[in-house]
Amino acid sequence: MQKHLHWGILGTGNIARKFARGLSESRTGRLVAVGSRSEETLRPFLADFPTRGHASYEALLADPEVEAVYISTPHPLHAQWSIRAAQAGKHILCEKPLTMNTIEAAAVIQAARTAGVFLMEAFMYRCHPQTARLIELIREGSIGPVRLVQAAFSFRSAWNPEWRLLNRALGGGGILDVGGYCVSMARLIAGATEGAPFADPIEVKAVGQIGGTGVDELAVAVLKFPGGMLAHISTGVRVNLENNVRVWGEEGHIDVPSPWAVNRGEPGESLLLVHREGEPDETVKIHADRGIYAIEADAVAESISAGESPAMSWADSLGNMRTLDRWRAEIGLRYEMEGESGEA
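Rules and cut-offs
Residues numbered from 1 in each chain as written. Predicted model: local features only at pLDDT ≥ 70, side-chain atom pairs only at ≥ 80, totals over all residues. Heavy atoms only, no water. Helix = DSSP H or I, 4+ residues; strand = E, 2+ residues; numbered from the N terminus. Rg over C-alpha atoms; globule rule 2.2 N^0.38 Å. Buried < 20%, exposed > 50% of the residue type's maximum accessible area, 1.4 Å probe, protein only. Contact = heavy atoms within 4.5 Å. Lys, Arg positive; Asp, Glu negative; His and termini not counted. Charge placed at Lys NZ, Arg CZ, Asp CG, Glu CD. Pairing = 2+ DSSP bridges. Axes fitted to C-alpha atoms, helices over the stretch in contact; angles between N-to-C directions. Salt bridge = Lys/Arg side-chain N within 4 Å of Asp/Glu carboxyl O. Parallel < 35°, antiparallel > 145°, perpendicular 65-115°, else oblique. Left-handed = near helix turned anticlockwise from the far one by under 90°. Polar contact = N/O pair within 3.5 Å; in protein donor to acceptor, adjacent residues only side chain to side chain.

(A) Inspection of the overall build of the protein at higher detail. Within the protein, the regular secondary structure consists of nine helices and 14 strands. On C-alpha atoms alone, the protein measures out to a radius of gyration of 20 Å, which is about the 20 Å that the 2.2 N^0.38 rule sets for 344 residues. Dimensions of the protein, computed from C-alpha atoms along their principal axes, come out at roughly 60 × 45 × 40 Å. Looking at the 344 residues of the protein, the share that counts as buried comes to 56%. Long-range pairs, those at least 24 residues apart, make up 67% of the contacts in the protein between residues at least 6 apart in sequence. Positive and negative charge centroids in the protein, built from 33 and 42 side chains respectively, lie 2 Å apart.

(B) Fine view of the environment of Cys 127. Tracing the sequence through the fold places Cys 127 in the loop between strand E6 (119–122) and helix H6 (129–139). For the pair formed by Cys 127 and Asp 298, sequence separation is 171 residues and the distance between their alpha carbons is 9.1 Å. Setting aside residues up to four positions removed in sequence, Cys 127 forms contacts with Met 120, Ile 295, Glu 296, Ala 299 and Ala 311.

(C) Spatial organisation of the sheet that holds strand E9 (residues 216–224). One open sheet holds the eight strands; their spatial order is E8-E9-E10-E7-E11-E12-E13-E14, and the pairing between them is mixed. Strands with a single pairing partner mark the edges of an open sheet, and in this sheet they are strand E8 (203–210) and strand E14 (282–288). The mean angle between the axes of side-by-side strands here comes to 10 degrees, regardless of whether they run parallel or antiparallel. In terms of strand pairing, strand E7 (residues 146–154) meets strand E10 (residues 230–236) through seven bridges, oriented parallel. Along E10, the bridge assignment pairs Phe 153 with Thr 235. Against the sheet, helix H7 (residues 174–193) touches E7, E9, E10 and strand E11 (245–249), its axis set at about 165 degrees to E10. Docked against the sheet, helix H9 (residues 314–331) engages E8, E9 and E10, running at close to 55 degrees with respect to E8.

(D) Structural context of the sheet that holds strand E3 (residues 52–54). The parallel open sheet is built from six strands, whose spatial order is E3-E2-E1-E4-E5-E6. Edge positions in the sheet fall to E3 and E6, since each has one partner strand and no second. For this sheet the average axis-to-axis angle between neighbouring strands, irrespective of direction, equals 25 degrees. Pairing between strand E5 (residues 91–95) and E6: four bridges, direction parallel. Bridge pairing links Cys 94 to Glu 121 in E6. Sheet contacts for helix H4 (residues 78–87): strand E1 (5–10), strand E4 (68–71) and E5; angle to E5, the most-contacted strand, approximately 170 degrees. Sitting on the sheet, helix H8 (residues 292–303) touches E1, strand E2 (29–35), E5 and E6, and the angle it makes with E1 is about 125 degrees.

(E) Region of the structure containing the pattern of salt bridges. On inspection of all chains with the given rule, the structure shows 19 salt bridges. Where Glu 136 meets Arg 133, a salt bridge forms, and the shortest distance between an N and an O atom there is 3.1 Å. Taken as a pair, Glu 136 and Arg 133 lie in helix H6 at a separation of three residues, close to a single helical turn. On the basis of relative accessible area, Glu 136 is assigned to the partly exposed category, the value being 40%. One salt-bridge network, held together by shared partners, links Arg 27, Asp 289, Arg 290 and Asp 298.

(F) Quick look at the packing of helix H1 (residues 14–25) against helix H2 (residues 39–48). Two numbers describe how H1 lies on H2: the axes approach to 11 Å, and their chain directions differ by 25 degrees. Considering the angle they form, H1 stands roughly parallel to H2. Handedness of the H1/H2 crossing: right-handed. Across the interface between the two elements, Ala 16, Arg 17 and Ala 20 of H1 pack against Pro 44, Phe 45 and Asp 48 of H2.

(G) Geometry of the side chain of Asp 63. Within the secondary structure layout, Asp 63 lies in the loop between helix H3 (57–62) and E4. For Asp 63, the contacting residues outside a window of four places in its chain are Ala 33, Arg 52, His 54 and Lys 90.

(H) Looking closely at unusual backbone geometry. In this structure, the amide linkage connecting Lys 96 to the following residue, Pro 97, adopts the cis form with an omega of -15 degrees. Mapping Pro 97 onto the fold places it in the loop between E5 and helix H5 (102–115). Positioned with a positive phi, Arg 264 is a non-glycine residue whose angle comes to about 55 degrees. Residue Arg 264 is classed as exposed on the basis of its relative accessible area of 79%.

(I) Examining the side chain of Asp 298 more closely. Within the secondary structure layout, Asp 298 lies in helix H8. A distance of 2.5 Å separates a polar atom in the side chain of Asp 298 from a polar atom in the side chain of Arg 290.

Everything listed here is a matter of geometry and, on its own, says nothing about what the molecule does.
See below:
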C-alpha cells in the first residue's frame, strides 16, 4: 500500500464534495489540489475544503504535487479527462460510468495501460467490507445455489430539464447514472456463483420509459447468465424505489437493505439479513471504521502498484459498460454524441 497519496479533484460538484470529505478520514489520501472550469465554481469549494485551487482542468493535471486524480465531471467528459490524466502521468479514479459506452471505455483503458498509471471506475460499494461479506456468504453456499438477483437503484429527482440527470447532452437518465450499480452487482454475484470475479450476461431483455428530454426516466431489465442465474434490475431518475438488493437461492435468500451508499456513506454498522428455510433468520453485522469514500480512496492506494483494483478491474468495467450498452439499445436510447450504432 502507498502510505500517502496526493489527490487532485477534477470537478467541484456534489460527488466531488463527498469524495473530499472521504479523503479527510482516509488512512492514505491527502487532498492537495482541486480543478474547476471557472473561479466562480472554484471559490465555494475551496471555502469548504481549503487546498490549492486551479481555475482549469489543464492546470490541475499540470500540478506536480498531484499524484492521483478523482474525475467527477458530467458523464460525457469522463473519457476525455481520463485520457488527459493518463497522458499527464496521473493515477485515475473516475466516477461511474467510466465512460458513455464500451468504445470509449476501451480507449481510456488503453491510455492507462500505455501510460502505466492506475485506473479504477469509482463504484465505491465494491470496496466496502459489506460487499465482500455478501460474496463470502454466496460462495460459502449459505442460501444454496443462487437463482435470482433483484437489484434496484432509482430516485425521484426534481423536474429541471437543464439539470444533468434529465439533460440528454450531459448523458442524463437512470441507466448510466445509477443503473450501472445494479448491473455491476448482478455481474459480481453471478461470478461468485461460478467461482469467478464476475460474469457477463448472455441475454439482456429490457423495457423503459424515455421522457420528454430524451433520457430514460425509468428502465427495467432482465439478465440471464451462463450458469443459469437471472437478475431483475430497475433504475430511474423520476421515481423512488426501495433501492435494495435481494439474492434468492434454492435454500433461502439474503436481503441487503443498503447496498450502494452503505450506512449512508458513514462509518458504523451495516446489516445483511439471511433467511434460510426451516432455520431462524440470521443478522450479519459488518462494521466499518471509515466512511465509504474513505474506504474507496484507501483501496486505490492499496492497489496502485498493480495498475488496477480487484474491486473493479478493467475487464470488469468493460463488461459492465458492454451490458449498459445492450440495456440502452433494448430501449432505443442513444445520446447526441453517438452515431446510429450507439458508438461515440
